[in-house]
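Spelled out, the chains give:
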Amino acid sequence: APKATYRIAMNQDAFFGFYPTVNGAFKVNDRLDWTAYGIFWTTPSFGTGGGSGLWTEFGSGVNIRTFGGKWTFTPQLGVLNGKLLSNGSFPMAFEGIVPNITSNVNTTRAEAEFYMGRYTALRTGRVPSQPGGALVDAANRNNFLHWWINGGVKLSPLLSAGLHFEHLGSNPSGTLASASVYKWLGPYVQANLSSNFSIRFTAGPDVQDRPATDGTGSFYKLSATYTFQQ
């Protein structure tokens, strides 16, 4: 039996842009894996632009298998590096953490996934007090709660379809303000081109109330995933 499983995914959506992810799970026993993951965030607005200072996420945890592996729970703790949470003018290592959990259901006829992560700032960024002035602490730090849930039916070994809901909320520290960035709801279709490779496309409306002048009324999301074992 394989001792390790690896998954590489290429992802792109309307908000986060392009972000490759890597995941690994090493088998400890029949019910438990040790896990590690990384996310290569490439959106310039999350960093300093120009390809430098990009937001970078790395984490580890465990994967717990139940019902013969048909239902899994994966709690992990990630470390954030960059400037999105610290909110400064310069990227910082260990600017925040993201405790997160993923749960998957995978049976002969059904599939489902739940994810929740709390992006929490640990450090405060530094910004110029005025153009060319001395550096001072940023007024606020950024925190986010990101979660989604989806589920579908396997129509055949090659094709599955279902529904996806996703929410991103923002709660800057140092203020009383909290806001919903988006609420997405829409169908997905997934092509399982082999036992190791799949492509999923999701699209639909942003169901959050927005001003009539706001043009972000829809979303789209594409993931191509390759899994291999050793």
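We now turn to the structure provided with this report. (Residues numbered from 1 in each chain as written. Predicted model: local features only at pLDDT ≥ 70, side-chain atom pairs only at ≥ 80, totals over all residues. Heavy atoms only, no water.)

Describing the overall build of the protein
Step number 1: Scanning the protein from terminus to terminus reveals 0 helices and 15 strands.
Step number 2: The C-alpha atoms of the protein give a radius of gyration of 19 Å, which matches the 17 Å a tight globule of 230 residues would have.
Step number 3: The principal-axis extent of the C-alpha atoms belonging to the protein is close to 60 × 45 × 30 Å.
Step number 4: Counting every position in the protein, which comprises 230 residues, the buried fraction comes to 37%.
Step number 5: For the protein, the computed accessible surface area is about 12300 Å², with 65% contributed by carbon and sulfur atoms.
Step number 6: Here the protein carries 17 positive and 12 negative side-chain charges, and the mean point of each set is 7 Å from the other. (Helix = DSSP H or I, 4+ residues; strand = E, 2+ residues; numbered from the N terminus. Rg over C-alpha atoms; globule rule 2.2 N^0.38 Å. Buried < 20%, exposed > 50% of the residue type's maximum accessible area, 1.4 Å probe, protein only. Areas by Shrake-Rupley, 256 points an atom, 1.4 Å probe, with all protein chains shown as cover. Lys, Arg positive; Asp, Glu negative; His and termini not counted. Charge placed at Lys NZ, Arg CZ, Asp CG, Glu CD.)

Things to note about the nonpolar core
Step number 1: Formed by 20 residues in total, the largest nonpolar core has its most connected members in Phe 16, Trp 41, Trp 55, Leu 85 and Tyr 119.
Step number 2: Those elements giving two or more residues to this core turn out to be strand S4 (32-40), strand S8 (110-121), strand S11 (144-156) and strand S13 (179-192).
Step number 3: Sorting elements by how many residues they give to this core places S8 first, with 3 residues.
Step number 4: With residues up to four places along the chain from it excluded, the contact list for Tyr 119 reads Trp 41, Trp 55, Glu 57, Leu 80, Leu 85, Ile 97, Val 98, Asn 142, Asn 143, Phe 144 and His 146. (Core = buried A, V, L, I, M, F, W, Y, C linked by side-chain atoms within 4.5 Å. Contact = heavy atoms within 4.5 Å.)

What about the environment of Gln 208?
Step number 1: Inspection of the secondary structure puts Gln 208 in the loop between strand S14 (197-205) and strand S15 (218-229).
Step number 2: Sequence-wise, Gln 208 and Val 181 are 27 residues apart; in three dimensions their C-alpha atoms are separated by 8.6 Å.
Step number 3: Looking at Gln 208, its side chain comes within polar contact range of the side chain of Ser 180, at 2.3 Å. (Polar contact = N/O pair within 3.5 Å; in protein donor to acceptor, adjacent residues only side chain to side chain.)

Considerations on the side chain of Ser 170
Step number 1: Relative to the elements of secondary structure, Ser 170 occurs in strand S12 (residues 159-170).
Step number 2: Ignoring anything within four residues of it in the chain, the contact list for Ser 170 reads Asn 143, Phe 144, Ser 178, Ala 179 and Val 181.

Considerations on a nonpolar patch on the surface
Step number 1: Where nonpolar side chains cluster on the molecular surface, the patch consists of Val 153, Leu 155, Leu 158, Leu 159, Val 189, Leu 193, Ile 199, Phe 201, Tyr 220 and Leu 222 and spans about 890 Å² of accessible area.
Step number 2: Those elements giving two or more residues to the nonpolar patch turn out to be S11, S14 and S15.
Step number 3: Among the structural elements, Leu 155 can be located in strand S11. (Patch = residues over 30% accessible without salt bridge, like charges linked within 9 Å, V, L, I, M, F, W, Y side chains within 5 Å. Salt bridge = Lys/Arg side-chain N within 4 Å of Asp/Glu carboxyl O.)

Some remarks on the pairing of S13
Step number 1: In terms of strand pairing, S12 meets S13 through 12 bridges, oriented antiparallel. When the sheet's bridge partners are listed, Leu 159 is paired in S13 with Ala 191.
Step number 2: As paired strands, S13 and S14 are joined by 5 bridges and run antiparallel to one another. Among the inter-strand pairings, Gln 190 is bridged to a residue of S14, identified as Arg 200.
Step number 3: Hairpin remark: S13 followed by S14, antiparallel, with 4 residues in the connecting loop. (Pairing = 2+ DSSP bridges.)

Looking at the packing of aromatic side chains
Step number 1: In total, this model carries 20 aromatic pairs according to the counting rule given.
Step number 2: On the basis of an interplanar angle of 40° and a centroid distance of 5.5 Å, the ring pair of Trp 55 and Tyr 119 is categorised as tilted. Note that Trp 55 is positioned in the loop between S4 and strand S5 (56-66) and Tyr 119 in strand S8, a separation of 64 residues in sequence.
Step number 3: Looking at Tyr 119, the relative accessible area reads 5%, which means it is buried.
Step number 4: A network of ring pairs unites the aromatic residues Phe 15, Phe 16, Tyr 19, Trp 41, Phe 46, Trp 55, Tyr 119, Tyr 182, Trp 184 and Phe 219 as a single cluster.
Step number 5: The positively charged end of Arg 200 is found above the aromatic ring belonging to Tyr 188, 3.8 Å away from the centroid. (Phe/Tyr/Trp six-rings, centres within 6.5 Å; stacked < 30°, edge-to-face > 60°. Lys NZ or Arg CZ within 6 Å of the ring centre and 35° of its normal.)

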